[in-house]
Structures are given as structure tokens and as C-alpha cells.
Amino acid sequence: MTAPLQPTFDRLRVSKELSRVASATVEEILHGAGAEPERSRRMRVIGITGAPGVGKSTLIGRLARSRLKGARSLAIVAIDPTSPCTRGSLLGDRIRMEDLGEDPRVFIRSLPSGTSEDGLTDNVAEVLDVLEGSGFDEALLETVGVGQTAQGVRTLADVEVLVLAPGAGDHIQAMKAGVMETADIHVVNKAEQPGAERLVAEVLGVRRRARAGASAAATVIQVRAGESTGVEQLSAALDERLAAGAAVDMQRVRQRYRVQQLVQRRLQETLDQLPVTTWDASLPDNYLAVLRRLHAEARQFNPSK
Amino acid sequence: MTDASTHGSLRGRRILIAKPGLDGHDVGAKVIALALRDAGADVIYTGLRKSPGYIARVAVDEDVDAVGLSILSGSHKELVEEIVEQLKALGARQVPIFVGGTIPEADLPELDRLGVKGVFTSAMKLDDVVAAVTEALV
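Predicted, not measured: the structure shown is a model, and the values here were computed from it.

Topic: the interface of chain A and chain B
So, point 1. Listed by partner, the interface residues are 27 residues for chain A and 28 residues for chain B.
So, point 2. Both faces considered, chain A and chain B share a buried interface measuring about 2,300 Å² in area, 47% of it formed by carbon and sulfur atoms.
So, point 3. For chain A, the biggest contributors to the area lost against chain B are A:Thr86, A:Leu90 and A:Arg94; these three give 26% of the whole.
So, point 4. Summed over the shared surface of chain A and chain B, the number is 15 residue pairs in polar contact (both at pLDDT 80 or more).
So, point 5. In terms of residue count, strand E4 (residues 106-112) of chain A provides more of the side of chain A that touches chain B than any other element does, seven residues in total.
So, point 6. Of the residues contributing to the side of chain A that touches chain B, the split by class is 11 nonpolar, eight polar and eight charged.

A closer look at the pattern of salt bridges
Where charged atoms of side chains with opposite charge meet at close range, the side chains can pair.
Residue and element names in this part refer to chain A.
So, point 1. Applying the stated criterion to the full structure yields 25 salt bridges over all chains.
So, point 2. Here Glu 232 makes a salt bridge to Lys 69, at a shortest N to O gap of 3.0 Å. Here Glu 232, found in helix H9 (residues 229-244), pairs with Lys 69, found in the loop between helix H3 (56-67) and strand E2 (74-80); they are 163 residues apart in sequence, far enough to count as distant.
So, point 3. Taking the relative accessible area as the measure of exposure, Lys 69 reaches 60% and is therefore exposed.
So, point 4. In this structure, Arg 258 and Asp 129 form a salt bridge, with 3.1 Å as the shortest nitrogen-oxygen distance. Taken together, the residues Arg 258 in helix H10 (residues 250-273) and Asp 129 in helix H4 (residues 124-133) connect sequence positions 129 residues apart.

A few points about the environment of A:Gly88
So, point 1. Looking at the element boundaries, A:Gly88 is found in the loop between E2 and strand E3 (89-91).
So, point 2. A sequence separation of 31 residues divides A:Gly88 from A:Gly119, and the C-alpha atoms of the two residues are 16 Å apart.

Some remarks on the sheet that holds E3(A)
Across a sheet, strands are paired by hydrogen bonds formed along the backbone, either parallel or antiparallel in direction.
So, point 1. An order of E3(A)-E2(B)-E1(B)-E3(B)-E4(B)-E5(B) is seen for the six strands of this open sheet, with the pairing classed as parallel. Looking at strand neighbours, the two that pair on one side only are E3 of chain A together with strand E5 (116-120) of chain B, the edges of this open sheet. Shown here is a sheet whose adjacent strand axes are inclined to one another by a mean of 20°, direction ignored.
So, point 2. Bridge analysis of strand E3 (residues 66-71) of chain B against strand E4 (residues 97-101) of chain B gives five bridges, and the strand direction is parallel. Residue pairing for E4(B): B:Leu69 is matched across the bridge by B:Val99.
So, point 3. Against the sheet, helix H2 (residues 52-61) of chain B contacts strand E1 (14-18), strand E2 (42-45) and E3 of chain B, and its axis sits at roughly 165° relative to E1(B).
So, point 4. Docked against the sheet, helix H3 (residues 76-89) of chain B engages E3, E4 and E5 of chain B, running at close to 150° with respect to E3(B).

Some thoughts on the nonpolar core
So, point 1. Within the largest apolar cluster, 30 residues are counted, with the highest numbers of intra-cluster contacts made by A:Ile46, A:Ile76, A:Leu140, A:Val161, A:Ile185, A:Leu234 and A:Leu238.
So, point 2. Looking at this core, the elements that each hand over two or more residues are strand E1 (44-49), H3, E2, E4, strand E6 (159-164), strand E7 (185-188) and H9 of chain A.
So, point 3. Broken down by element, the residue count for this core peaks at five residues, all from H9(A).
So, point 4. Apart from residues no more than four positions distant in its own chain, A:Ile76 is found in contact with A:Ile60, A:Ala64, A:Met97, A:Leu100, A:Val106, A:Phe107, A:Ile108, A:Arg109 and A:Leu140.
So, point 5. Residues B:Ile44, B:Ala56, B:Ala92 and B:Ile103 belong to the second largest nonpolar core, which totals 27 residues.

A look at the confidence of the model for chain A
Residues and elements named next belong to chain A.
So, point 1. Averaged over chain A, the pLDDT score is 84; the fraction of residues at 70 or greater is 86%.
So, point 2. Ranking the elements of chain A by mean pLDDT puts helix H6 (residues 169-175) last, at 62, and strand E5 (residues 138-142) first, at 95.
So, point 3. Here residues 213-217 is modelled with pLDDT under 50, and outside its nearest four sequence neighbours on either side it reaches four contacts, counting other chains as well.

Some details on the packing of helix H1 (residues 11-22) of chain A against H2(B)
So, point 1. The N-to-C vectors of H1(A) and H2(B) enclose an angle of 45°; their axes lie 8 Å apart at closest approach. By the criterion of interaxial angle, the relationship of H1(A) to H2(B) is oblique. Facing A:Arg11, A:Leu12 and A:Ser15 of H1(A), the residues of H2(B) in contact are B:Arg57, B:Val60 and B:Asp61.
So, point 2. Residue composition of the contact of H1(A) with H2(B), by class: two nonpolar, one polar and three charged.

So, the side chain of A:Asp93
All names here are of chain A.
So, point 1. Among the secondary structure elements, Asp 93 is positioned in the loop between E3 and E4.
So, point 2. Among the polar contacts made by the side chain of Asp 93, one reaches the side chain of Ser 57 at a distance of 2.9 Å.
So, point 3. In this view, Asp 93 contacts Ser 57, Ala 78, Ile 79, Asp 80 and Glu 142; residues no more than four positions away in its chain are not counted.

Points about the pairing of E4(A)
For a regular strand, side-chain orientation follows a simple rule: the groups alternate between the two sheet faces.
All names here are of chain A.
So, point 1. Here E4 lies mainly inside the structure; seven of its seven residues are buried.
So, point 2. Inspection of the sheet shows E2 paired to E4 by seven bridges, in the parallel sense. By the bridge assignment, Leu 74 is partnered in E4 with Val 106.

A closer look at the packing of aromatic side chains
So, point 1. Evaluation of the coordinates by the stated rule reveals four aromatic pairs over all chains.
So, point 2. Ring geometry for A:Phe9 versus A:Phe107: centroids 6.0 Å apart, planes at 90°, classification edge-to-face. Taken as a pair, A:Phe9 in the segment before H1 and A:Phe107 in strand E4 lie far apart in primary sequence, 98 residues in all. We note that A:Phe9, like A:Phe107, is buried.
So, point 3. Members of the aromatic cluster, joined through ring pairs, are A:Phe9, A:Phe107 and A:Phe136.
So, point 4. The cationic tip of B:Lys50 hangs over the ring face of B:Tyr54; the distance from NZ or CZ to the ring centre is 5.7 Å.

The rules behind the values
Residues numbered from 1 in each chain as written. Chains lettered and ligands numbered in written order. Predicted model: local features only at pLDDT ≥ 70, side-chain atom pairs only at ≥ 80, totals over all residues. Heavy atoms only, no water. Contact = heavy atoms within 4.5 Å. Buried area = accessible area lost by both parts, 1.4 Å probe. Polar contact = N/O pair within 3.5 Å; in protein donor to acceptor, adjacent residues only side chain to side chain. Helix = DSSP H or I, 4+ residues; strand = E, 2+ residues; numbered from the N terminus. Nonpolar A, V, L, I, M, F, W, Y, C, P; charged D, E, K, R; others polar. Salt bridge = Lys/Arg side-chain N within 4 Å of Asp/Glu carboxyl O. Buried < 20%, exposed > 50% of the residue type's maximum accessible area, 1.4 Å probe, protein only. Pairing = 2+ DSSP bridges. Axes fitted to C-alpha atoms, helices over the stretch in contact; angles between N-to-C directions. Core = buried A, V, L, I, M, F, W, Y, C linked by side-chain atoms within 4.5 Å. pLDDT = per-residue confidence, 0-100. Parallel < 35°, antiparallel > 145°, perpendicular 65-115°, else oblique. Phe/Tyr/Trp six-rings, centres within 6.5 Å; stacked < 30°, edge-to-face > 60°. Lys NZ or Arg CZ within 6 Å of the ring centre and 35° of its normal.

Below is the structure:
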């Protein structure tokens with residue numbers, strides 16, 4: 001056994017920087033953004049998504065082991081849901097990544113989903129920027145277990161892994177029209193359990209319909225508990241996918257996503273500020289009133305302030 | 001579970017709930033974690049049997065505002081001291097530490113000396129625990 005390589009990042013600094021951007025308001029993000037347009041990213045981002053309970057965190061723990069071979073650092077961003085009632089959250093993904101805990105090359109940040117509704121967290125693009133700026137070569141991004149709306153991770157990750165598990169049939173139904181079609185790699189987790197073969201067949205069916213049969217088989221990987229073959233296969237598939245690069249110009253797509261996120265949050269804030277009696281008016285009147293309000297804000301906005 | 005007076009009092013605060021040492025009972029830790037979450041905090045829970053070094057590193061990586069330690073094994077003085085040491089070794093500022101569990105009254109001065117901001121036992125009401133944490137974080 002060789003001694004682990006020394007980490008290349010400054011723990012305290014990364015940590016403070018992440019806190020700063022993760023809790024930044026729309027205005028703070030805009031003021032901190034600078035005049036440069038979205039630039040290309042060097043850090044590899046692997047997005048891991050899937051319904052609650054399919055074993056995403058456990059899989060990430062195992063996958064991280066494989067990604068760390070020869071690596072000097074690895075960042076993991078794990079997102080858990082914010083309660084809509086109390087705005088609090090319980091961030092417990094770490095519990096399932098146990099054996100990573102003692103490796104100083106790994107940096108794990110747990111974040112609440114906040115006001116984000118696409119399985120990610122507020123300012124997630126800026127969080128990734130901080131990690132890249134801190135010297136990380138690769139980040140694993142674990143989403144809140146989502147079904148149909150996973151556009152965010154599709155946009156921000158270089159490769160998207162959808163984790164499935166036998167016995168969660170209803171989730172498959174919900175995902176058929178969404179992330180099932182967009183994910184690059186499908187993992188059938190807990191493949192030692194009954195129903196795994198049927199699930200693999202189902203996934204292949206959806207893929208075939210979505211992509212007219214093009215090499216659908218290669219994208220479905222079975223991972224079994226206590227067996228490392230599947231995880232190694234997944235890691236190799238990730239490398240292959242990352243080496244192939246993106247088909248479209250992701251800089252523009254990411255910029256569009258950032259703008260969309262900021263405008264949505266700003267709209268939310270604007271709606272929250274309106275008195276409740278606003279909603280006694282007619283639908284067209286309300287619609288216009290909100291647009292006018294946003295227009296007024298735009299006139300006041302000064303990014304260099 | 002918490003009443004109106006503590007509702008939202010910990011919003012935006014990040015709190016680590018950790019179980020150092022070898023005892024395997026985490027019902028208390030989970031109850032506290034949920035109470036803090038219900039008061040609006042983002043609660044990071046480590047799971048059972050974590051080393052002081054690991055807990056200190058999680059506190060740094062997660063940039064928490066407070067650390068709550070659940071200790072039922074009787075070695076609270078040693079564990080707290082080691083976690084404080086490890087935090088220092090990582091160059092972290094001294095975050096408020098709270099301890100919950102079976103802690104004899106005679107040990108309170110020593111824990112106080114180590115910088116512990118509050119000691120909670122099972123006899124305490126959850127609202128009082130949340131209020132004490134809130135007060136220490138203002």
C-alpha cells in the first residue's frame with residue numbers, strides 16, 4: 001500500500017468560500033459575477049440522480065473509492081430536501097459514505113435544496129465554480145431524489161447517472177418521460193435483489209424507444225452489494241463518456257440555466273413581497289401587475305453598484 | 001415538536017450532530033437533530049461511532065455554526081477534549097460545542113473549561129434545548 005497523495009486544496013478556505021456562495025442572495029450573486037461571460041469549465045462534474053431510497057449515497061461512497069485511485073482530490077456535493085414548512089433540513093447523506101471519512105483527499109459538502117425545485121440547490125453553479133477554483137479536478141453531484149424534473153443536473157454535469165433499484169416500480173413510471181431518456185448511464189443498483197432483471201429489461205426498453213436502439217445496452221450497469229465489478233464498470237463508463245466530451249456547446253446552456261435560476265428566485269421574492277389582497281384582482285390584471293413590478297426592478301438594477 | 005417561540009429561530013444555521021465513541025444508542029441524537037431541523041436549522045448527522053478526528057474534519061468541511069455531541073459512554077471529557085484539539089489542529093475557529101447524554105453534575109465545570117456551551121440531559125424539554133442552542137448562536 002502506498003501512502004495517499006496529499007490533498008491539493010485548502011480545507012478551511014474551500015469551506016468558507018462554499019458557505020459564502022451557497023447562501024448568497026440573487027443580488028450578491030449578480031454583484032459577484034463580474035463582467036465576463038460564462039467560460040468553459042475544466043473540472044469534471046458527474047451528476048448522480050434517482051428516486052429516494054435507491055442507494056445513491058452508498059453508490060457514491062463506493063464510486064468515490066474508485067475515482068480516488070491516483071487522484072489528488074475529489075469533491076462531493078450532496079443535496080437533501082429543505083422542509084417547505086420549517087425551512088430546515090436533515091442532511092444525512094454522509095452516513096452512507098462512511099468509509100470515505102478518513103481520506104483527507106475527499107471534501108464532502110452537504111447542502112439543503114433551499115428554494116431550488118429541480119433537485120439541486122440555490123447557486124449550485126457558483127458552488128461548482130468555487131470547487132473548480134479551489135483546485136478540484138472532479139466533483140460528484142448528488143441530487144435530491146427526483147423524478148421528472150432533473151434538467152438542472154443535465155445542464156451542469158458533464159455526465160448524468162440515473163440510479164434505479166428493483167422494487168421501486170412507481171418511480172420508474174414517473175421517470176419514463178423524463179430523466180430516463182436523458183441520462184447517459186443507468187445504474188440498476190441492489191441488483192442482487194429480486195426484480196433486477198426485469199428492471200434492466202424495462203430500462204433497455206425505454207432507452208430503445210428514446211434513441212432508436214443505438215447502443216442502449218452499454219449504458220445499463222448492474223451494481224450488486226459486496227461486489228466491486230459493477231462499480232468499476234461504472235467508473236470506466238464515466239471515463240469513456242467524459243473523454244467523448246459534450247455534443248453541444250454547454251457554455252451557452254449553462255449560462256441559460258444560471259439566468260433562469262436567478263430570474264425564478266427573483267420572481268419568487270417579488271411574489272412574496274406583494275400584499276395578499278393583490279390576489280383579489282382578475283388573472284390578467286395580476287399577471288400584468290407582476291410583470292410591471294419586475295420591469296420596475298429592472299430599471300433600478302445596477303450590477304456595478 | 002417545538003412550539004411557536006422557537007419556530008424558525010435557527011433558520012440558515014448549520015449544525016453538526018455527531019456521535020463519538022463506542023456507544024451504539026442514537027435515539028437521543030436523532031430526536032435532537034429533528035428538533036433543530038424543525039426550528040429551521042440545516043442539520044448534518046454523522047451516524048454512529050465516529051472518531052474525534054473525523055468529527056473535527058466534518059465540522060470544518062461543512063462549515064457548521066455549532067457541534068452537538070451525543071455521548072452515553074461516560075468518556076465525555078476525553079472525547080470533547082480530543083475534538084477541541086483536532087479542531088485546533090485543522091486551524092478552525094472554536095465553534096460552540098454542546099453535549100448531550102448521561103453527564104454527571106460533577107463533570108460540568110470540566111466541560112465548561114473545555115469550552116462546552118451547554119449540557120443537555122434526557123430530562124430537558126426539547127424546546128429548552130432549541131432555545132439554549134439558539135441563544136448561544138446569536
